[in-house]
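Report on the structure
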Amino acid sequence: MDGNWMVLLQRQNQLGKVIETNNATAQYGLMLSEQDAELILEERGHALREQRRVEFGEGIAPKIIHQFCDSDFIDQNNYVDTIIRLQEIFYLYKNEMDDELTDDELLHLMKEQFEEICFGDLDYLEGTCLNLFSQAVRAGYQGYQRSEGHGEYAKFDEVQRWDYDLYYKALKELFWG
């Protein structure tokens, strides 16, 4: 019985931290209800059990919310589902990268790829971008430590990308002379 009140108190604290993110996310049109926050925390528990991880404190959800709330690919309709999926991906790749990256390094990497490479596609983020990067980390790559996870994926990307400046120049010449 003594342990139950501690678990309940920790759960209430975590719930409060997730709800507090509304202060920052409201400007982007994103709000969580108490039920949404409870669902995020419940799914956090599932993801932790699935990845056989233990987490103390407020958890990663508030950090994920703060990191991703300004994304062009998240709106109120997909907000809760996206946060839940990002949690799952985060815990999976903490394991896949043998905890070599700090939480912030992994979040920076995830956000950058989500915005610039995946254009909001969580399957591509999980199955391609983070998979390739985790292989490099497991092979000994540590360059992310200098950059805190920023600008690292391009070194391992196997897909040739569009050159935005060249594309824009060609359009400009075609349509605006």
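Residues numbered from 1 in each chain as written. Predicted model: local features only at pLDDT ≥ 70, side-chain atom pairs only at ≥ 80, totals over all residues. Heavy atoms only, no water.

**A word on the pattern of salt bridges**
- The full count for this structure, using the stated rule, is 7 salt bridges.
- The salt bridge involving Arg85 is made with Asp123; its shortest N-O contact spans 2.8 Å. Here Asp123 lies in helix α7 (residues 122–138) and Arg85 lies in helix α5 (residues 79–96), a separation of 38 residues in the sequence.
- The salt bridge partner of Glu96 is Arg138, with a shortest N-O separation of 3.2 Å. Of the two residues, Glu96 is situated in helix α5 and Arg138 in helix α7; the sequence distance between them amounts to 42 residues.
- Overall, the relative accessible area of 32% leaves Glu96 in the partly exposed class.
- Looking at Arg138, the relative accessible area reads 41%, which means it is partly exposed.
- Sharing partners across several salt bridges, the network here consists of Arg85, Asp123 and Glu126. (Salt bridge = Lys/Arg side-chain N within 4 Å of Asp/Glu carboxyl O. Helix = DSSP H or I, 4+ residues; strand = E, 2+ residues; numbered from the N terminus. Buried < 20%, exposed > 50% of the residue type's maximum accessible area, 1.4 Å probe, protein only.)

**Some points on a nonpolar patch on the surface**
- Taken together, Leu174, Phe175 and Trp176 make up a surface patch of nonpolar side chains, about 450 Å² in accessible area.
- With respect to the secondary-structure elements, Leu174 resides in helix α9 (residues 164–176).
- Assessed through its relative accessible area of 67%, Leu174 is described here as exposed. (Patch = residues over 30% accessible without salt bridge, like charges linked within 9 Å, V, L, I, M, F, W, Y side chains within 5 Å. Areas by Shrake-Rupley, 256 points an atom, 1.4 Å probe, with all protein chains shown as cover.)

**Side note on the environment of Asp123**
- Judged by relative accessible area, which is 52%, Asp123 ranks as exposed.
- Placed 38 residues apart in sequence, Asp123 and Arg85 show a C-alpha to C-alpha distance of 9.6 Å.
- Those residues in contact with Asp123, other than ones at most four positions away along the chain, are Arg85 and Thr128. (Contact = heavy atoms within 4.5 Å.)

**Structural notes on α7**
- Along its length, α7 shows its largest kink, about 35 degrees, at Leu130.
- Where α7 is concerned, the buried positions are Leu122, Leu125, Cys129, Leu130, Leu132, Phe133, Ser134, Ala136 and Val137.
- Put simply, Asp121 is the residue that caps the front of α7, since its side-chain oxygen is 2.9 Å from the backbone nitrogen of Asp123.
- Gly140 occupies a position one or two residues after α7 and carries a positive phi of about 115 degrees. (Bend = angle between axes of the 7 residues up to and from the residue. Polar contact = N/O pair within 3.5 Å; in protein donor to acceptor, adjacent residues only side chain to side chain.)

**Side note on the packing of α5 against α7**
- Their axes nearest at 10 Å, the elements α5 and α7 cross at an angle of 20 degrees. With respect to α7, the axis of α5 lies roughly parallel. Read as a crossing pair, α5 and α7 show a hand that is right-handed. Here Thr82, Arg85, Leu86, Ile89, Leu92, Tyr93 and Glu96 of α5 come into contact with α7, specifically with Leu122, Asp123, Leu125, Glu126, Leu130, Asn131, Ser134 and Arg138.
- Of the residues that constitute the contact of α5 with α7, the class distribution is 7 nonpolar, 3 polar and 5 charged. (Axes fitted to C-alpha atoms, helices over the stretch in contact; angles between N-to-C directions. Parallel < 35°, antiparallel > 145°, perpendicular 65-115°, else oblique. Left-handed = near helix turned anticlockwise from the far one by under 90°. Nonpolar A, V, L, I, M, F, W, Y, C, P; charged D, E, K, R; others polar.)

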